[in-house]
Amino acid sequence: MSLLLHLILYLLLLTVVIGDILRPRFYSETCPDAESIVRREMKKAMIKEARSVASVMRFQFHDCFVNGCDASLLLDDTPNMIGEKLSLSNIDSLRSYEVVDDIKEALEKACPATVSCADIIIMASRDAVALTGGPDWEVKLGRKDSLTASQQDSDDVMPSPRANATYLIDLFKRFDLSVKDMVALSGSHSIGQGRCFSIMFRLYNQSGSGKPDPALEPDYKNKLNKLCPLGGDENVTGDLDATPLVFDNQYFKDLVSGRGFLNSDQTLYTTQETREYVKLFSEDQDEFFKAFEEGMVKMGDLQSGRDGEIRFNCRVANRRPIDVLLES
């Protein structure tokens, strides 16, 4: 085996082991206005449609848990690739991709081929929280964009609305995220809405019983029955908590009172291992904000170590994986 091939293999292995080196203010010299541009565009999106920023914030979770934070989520399908947008947890659920498109366009005008789509997701998610009244924190940047995406990889990882707290604990543990991290990050549902599709089983056939979830507070259940009747439009949306436009700890207060929208949310209170954190965050918003910030930073550190690039368009890879092999 040639010395050059040995060197290539070594560098590839090194990349897999350490991934990209992330750091705050990564673009301070190459694109000093990057973070202010992202926030400006997020403000525009929020003015146009308040719900959009909550939708964008969810991108971080749906992207980072599937082969790391590499913007694979944003890739459109090609004749040779079925991407993540059609996965069970994303199809007819994730939305507001156009907000990322607008951010990328603005960044390309200011600093062509410099800021990755993966970093846009991280910055925009932080800004979604800050702009709706939540904590603001310094993000680590320097990610590359993936060359490919996989619907199957997403289906294999992402939880369904029927997931319970025990399942979520095990899932987050796979990514070195603690029980506290998981409960705090579930607080992302402090803003935004969910579809009736996600709760029909809770309302009418919990665990195959033919009955509603007994954890639902009666008045809240009646409200959801009117919003999501049997045989109705399951794409109708309902608020995830009582203050869907404000990032606060109302989400946890709602769980304590049996008014959680999703099954995966309400079981955080009915499960002993997570209940203490729900109660803590319902009583102390500062503790929730601190834990949420820590969880988002830890989740943002997830990397696959695979080869990447800086996309010109967040929906389309510049190169195919085979091109990388040929270049080598």
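Just so it is clear, the structure is predicted and the values come from calculations on it, not from any experiment.

## Focus on the overall build of the chain
Secondary structure summary: the chain contains 15 helices and 6 strands in total. Relative to the compact-globule value of 20 Å for 328 residues, the chain shows a C-alpha radius of gyration of 20 Å, a close match. A buried classification covers 50% of the 328 residues belonging to the chain. Here the contacts in the chain between residues at least 6 apart in sequence split such that 75% fall between residues at least 24 apart. A total accessible area of about 15600 Å² is found for the chain, and carbon and sulfur atoms account for 54% of it. Distance from the positive charge centre (38 side chains) to the negative charge centre (51 side chains) of the chain: 3 Å.

## Brief notes about the UniProt feature "binding site: Ca(2+) 1" (unreviewed entry) in the chain
In this numbering, the UniProt entry assigns the feature "binding site: Ca(2+) 1" (unreviewed entry) to D63, V66, G68, D70, S72 and E84. Spanning 22 residues, the annotated positions come together in the fold, the maximum distance between their C-alpha atoms being 13.1 Å. For G68, the location among the structural elements is in the loop between α3 (51-64) and α4 (97-110). We classify G68 as buried; its relative accessible area is 6%.

## Digging into the pattern of salt bridges
One pass over the structure, following the stated rule, counts 20 salt bridges. Measuring nitrogen to oxygen at the nearest pair gives 3.6 Å for the salt bridge that ties D70 to R306. Of this pair, D70 sits in the loop between α3 and α4 while R306 sits in the loop between α14 (285-300) and β6 (308-309); the two residues are 236 residues apart in sequence, bridging distant segments of the chain. You can call D70 buried: its relative accessible area is 7%. A salt bridge links D301 to K140; its shortest N-O distance comes to 3.0 Å. Within this pair, whereas D301 is found in the loop between α14 and β6, its partner K140 is found in strand β2 (residues 140-141), the two being separated by 161 residues in sequence. Since its relative accessible area comes to 30%, D301 is described here as partly exposed. A network of salt bridges, in which partner residues are shared, links E35, R39, R126, D127 and D136.

## Quick look at a nonpolar patch on the surface
A surface patch of nonpolar side chains, amounting to about 240 Å² of accessible area, comprises I82, L86 and I91. Mapped onto the elements of the fold, I82 is located in the loop between α3 and α4. The exposure class of I82 is exposed, given its relative accessible area of 52%.

## With respect to helix α8 (residues 179-186)
A large share of α8 lies buried, amounting to 7 of its 8 residues. When we look at burial in α8, the residues that qualify are V179, D181, M182, V183, A184, L185 and S186. Packing partners of the buried residues in α8 comprise α7 (165-173), α11 (250-256), α12 (263-270), α13 (272-283) and α14.

## Topic: helix α10 (residues 218-227)
Every buried residue belonging to α10 is among Y220, L224 and N225, and all of these are buried. Axial view of α10: buried residues confined to an arc of 145°, hence all on one face. Turned more than 90 degrees away from the buried face of α10 sit P218, D219, K223 and K226, all of them exposed.

## So, the packing of helix α2 (residues 34-48) against helix α5 (residues 117-131)
Where α2 contacts α5, the axes come no closer than 9 Å and their chain directions differ by 55°. Classified by the angle between their axes, α2 and α5 sit oblique to one another. The chirality of how α2 crosses α5 is right-handed. From α2, E35, V38, R39, M42, K43 and M46 reach across to α5, where they touch M123, A124, R126, D127, A128, A130 and L131.

## Considering the packing of aromatic side chains
The description of an aromatic ring pair rests on the distance of the ring centres and on the angle between the ring planes. Following the criterion strictly, the structure yields 17 aromatic pairs and no others. Seen from their ring centres, F61 and F65 are 4.7 Å apart, and the 70° between their planes marks the pair as edge-to-face. Its relative accessible area of 21% is what places F61 among the partly exposed residues. Cluster of aromatic residues (ring-pair linked, three or more members): W137, F247, Y251, F252, Y277, F281, F288, F289 and F292. Here the basic side chain of R162 rests over the ring of F201, its NZ or CZ set 4.4 Å away from the ring centre. One residue, R275, lies across the ring of Y269, its end atom 4.4 Å from the ring centre.

Here is what the cut-offs are and how they apply
- Residues numbered from 1 in each chain as written.
- Predicted model: local features only at pLDDT ≥ 70, side-chain atom pairs only at ≥ 80, totals over all residues.
- Heavy atoms only, no water.
- Helix = DSSP H or I, 4+ residues; strand = E, 2+ residues; numbered from the N terminus.
- Rg over C-alpha atoms; globule rule 2.2 N^0.38 Å.
- Buried < 20%, exposed > 50% of the residue type's maximum accessible area, 1.4 Å probe, protein only.
- Contact = heavy atoms within 4.5 Å.
- Areas by Shrake-Rupley, 256 points an atom, 1.4 Å probe, with all protein chains shown as cover.
- Lys, Arg positive; Asp, Glu negative; His and termini not counted.
- Charge placed at Lys NZ, Arg CZ, Asp CG, Glu CD.
- UniProt positions renumbered as here; feature names shortened; annotations may be inferred.
- Salt bridge = Lys/Arg side-chain N within 4 Å of Asp/Glu carboxyl O.
- Patch = residues over 30% accessible without salt bridge, like charges linked within 9 Å, V, L, I, M, F, W, Y side chains within 5 Å.
- Arc of directions from axis to C-beta.
- Axes fitted to C-alpha atoms, helices over the stretch in contact; angles between N-to-C directions.
- Parallel < 35°, antiparallel > 145°, perpendicular 65-115°, else oblique.
- Left-handed = near helix turned anticlockwise from the far one by under 90°.
- Phe/Tyr/Trp six-rings, centres within 6.5 Å; stacked < 30°, edge-to-face > 60°.
- Lys NZ or Arg CZ within 6 Å of the ring centre and 35° of its normal.

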